[in-house]
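# Working through the structure, step by step
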Amino acid sequence: MRIAVLGTGGIGGYFGGRLAASGHDVTFVARGAHLEAIRDHGLVVTSVAGDVTVEPAQVTDDVASIGVVDVVLLAVKTWQLPPVLESLPSLVGPDTAVVTTQNGVEAPDQVAGVVGRAAVLPGIAKIFAFIDGPGRITHAGGPASLAFDEWSAAPGAASDRVTRLREAITGSGAVSPVPDDIWAELWSKMLFVVPFGGLGAALDATIGELRSQPPRRALLQDAMREVETLARARGIRLPERVVAGTMAFVDDQPADATTSLQRDLLEGRPSELDAWTGAVVRLAGESGVDVPLHRLLLEVLTSRHPGALLG
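Now for a quick tour of the structure. What you see is a predicted model, and the numbers here were worked out from it, not measured in a lab. (Residues numbered from 1 in each chain as written. Predicted model: local features only at pLDDT ≥ 70, side-chain atom pairs only at ≥ 80, totals over all residues. Heavy atoms only, no water.)

### Some points on the overall build of the protein
- Regarding its fold elements, the protein presents twelve helices and nine strands.
- Expected size for 311 residues packed as a compact globule is a radius of gyration near 19 Å; at 19 Å, the protein falls within 12% of this value.
- Referenced to the eigenvectors of the C-alpha coordinate spread, the extents of the protein come out at roughly 55 × 40 × 35 Å.
- Buried residues in the protein amount to 54% of all 311 residues.
- For the protein, the proportion of contacts with a sequence separation of at least 24, taken over those separated by at least 6, is 69%. (Helix = DSSP H or I, 4+ residues; strand = E, 2+ residues; numbered from the N terminus. Rg over C-alpha atoms; globule rule 2.2 N^0.38 Å. Buried < 20%, exposed > 50% of the residue type's maximum accessible area, 1.4 Å probe, protein only. Contact = heavy atoms within 4.5 Å.)

Okay, structure coming up:
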């Protein structure tokens, strides 16, 4: 398959690296020292699932130079999407699949606004991976899975392009589970990361501190219920006991875990606050659902971190 990886960070570098190492025609898009290192020395992926090196690697900072591909792996963060979307049409032909991997639930619609729904495969990546220096990706753990499906897929059905891409990912040594309902998967992840990220950032607390102190644990559950109510109001078929199941997952996580949102806000970096808490508040307004805890968290975090929504 001919694949373009937009965003050669933890997600794009890991899955793109494995696909390239297994023989697919992968072009990576990168910038600065990361670009130069990949161009000169290849892409090195160090992984608990086995290391791979792509050398030579096809890499560029000019998306327009790539041409039409079979698959676009859109692996930039939400706040990086606007400039990337401008260049996306040059990659998309009649049968191209654009796989979204962004946190939150709005990225598929944003991408569809540029290339149409027919091109978009809403996706969800579950992996702990990061850039560990120019040209180097470290996969530290997690299932290292990439799930995706057609926008309105029927349960149990898979299009030819979805089947081909799943087989390619599986054949590369990564994992590509078949979701029962990709939208339920996206909202289930949002129900976990947004309350955890918002409360963790507002209280400067780890997951262990949130779950072990009764008042904080109650707040975490209340925030999850707000997201659940919103999702159901928008027709999302979440599992019946999704909050209880998510809290069980919370109780299994390392006590010192924090979210990328929390780390980015506290360190003054661009954040995904708008795509996380901001999206809950925005979509709740559209749906006539009240989310008072998320409205409070959004106000607290934007006041404490000026410009956070601009990230």
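### Some words on the sheet that holds strand β6 (residues 71–74)
- In space, the nine strands of this open sheet follow the order β4-β3-β9-β8-β7-β6-β1-β2-β5, with mixed pairing throughout. A strand with exactly one partner marks an edge of an open sheet, and here the two such strands are β4 (52–54) and β5 (58–60). Neighbouring strand axes in the sheet, compared pairwise and without regard to direction, differ in orientation by 30° on average.
- Packed onto the sheet, helix α2 (residues 32–41) meets β3 (43–47), β5, β8 (120–131) and β9 (136–148) and runs at close to 155° relative to β5. (Pairing = 2+ DSSP bridges. Axes fitted to C-alpha atoms, helices over the stretch in contact; angles between N-to-C directions.)

### Observations regarding the packing of aromatic side chains
- A complete count under the given rule lists four aromatic pairs for this structure.
- Between Phe192 and Phe196, the ring centres sit 5.6 Å apart and the planes meet at 40°, which makes this aromatic pair tilted. Of this pair, Phe192 and Phe196 both sit in helix α6 (residues 182–203), four residues apart, roughly one helical turn.
- Residue Phe192 is classed as buried on the basis of its relative accessible area, which comes to 16%.
- Of the aromatic side chains, those joined through ring pairs into one cluster are Phe192, Phe196 and Phe249.
- The ring of Phe148 has Arg166 lying over it, and the distance from NZ or CZ to the ring centre is 5.7 Å. (Phe/Tyr/Trp six-rings, centres within 6.5 Å; stacked < 30°, edge-to-face > 60°. Lys NZ or Arg CZ within 6 Å of the ring centre and 35° of its normal.)

### Things to note about the pairing of β6
- The side-chain alternation of β6 yields two buried faces, one formed by Val71 and Leu73 and the other by Val72 and Leu74.
- Alignment of strand β1 (residues 2–6) against β6, held across four bridges, turns out to be parallel. Across the sheet, residue Val5 finds its bridge partner in β6, namely Leu73.
- Handedness of the crossover joining β6 and strand β7 (residues 97–100) through helix α3 (residues 81–87) is recorded here as right-handed. (Right-handed = clockwise from strand over helix to strand, strands pointing away.)

### Some thoughts on the pattern of salt bridges
- For the coordinates displayed, the defined rule picks out 16 salt bridges.
- A salt bridge links Arg217 to Asp251; its shortest N-O distance comes to 2.9 Å. Taken together, the positions of Arg217 in helix α8 (residues 214–233) and Asp251 in helix α9 (residues 242–252) put the pair 34 residues apart, joining distant regions of the chain.
- Put simply, Lys77, Asp264, Glu267 and Arg269 are held in one network by salt bridges that share partners. (Salt bridge = Lys/Arg side-chain N within 4 Å of Asp/Glu carboxyl O.)

### Concerning the environment of Leu73
- Within the secondary structure, Leu73 sits in strand β6.
- Sequence separation between Leu73 and Leu121 is 48 residues; the distance between their C-alpha atoms is 9.8 Å.
- Sequence-distant contacts of Leu73, that is, excluding residues within four places in its chain, are made with Ala4, Val5, Leu6, Gly12, Phe15, Gly16, Val99, Thr101 and Leu146.

### Quick look at helix α4 (residues 107–115)
- Of all the residues in α4, the buried ones are Ala107, Pro108, Val111, Ala112 and Val115. Viewed end-on, α4 has its buried residues packed into an arc of 130°, placing them on one side of the element.
- For α4, the secondary structure elements touched by its buried residues are β6, α3, β7, β8 and α6.
- One or two residues past the end of α4 sits Gly116, with phi positive at roughly 90°. (Arc of directions from axis to C-beta.)

### A look at unusual backbone geometry
- In this model, Glu55 is joined to Pro56 through a cis peptide bond whose omega is 0°.
- As for its placement among the helices and strands, Pro56 is situated in the loop between β4 and β5.
- For Ala144, which is not glycine, the phi torsion reads 50° and is therefore positive.
- Looking at the secondary structure, you find Ala144 in strand β9.
- On the accessibility criterion, Ala144 (4% relative accessible area) is buried.

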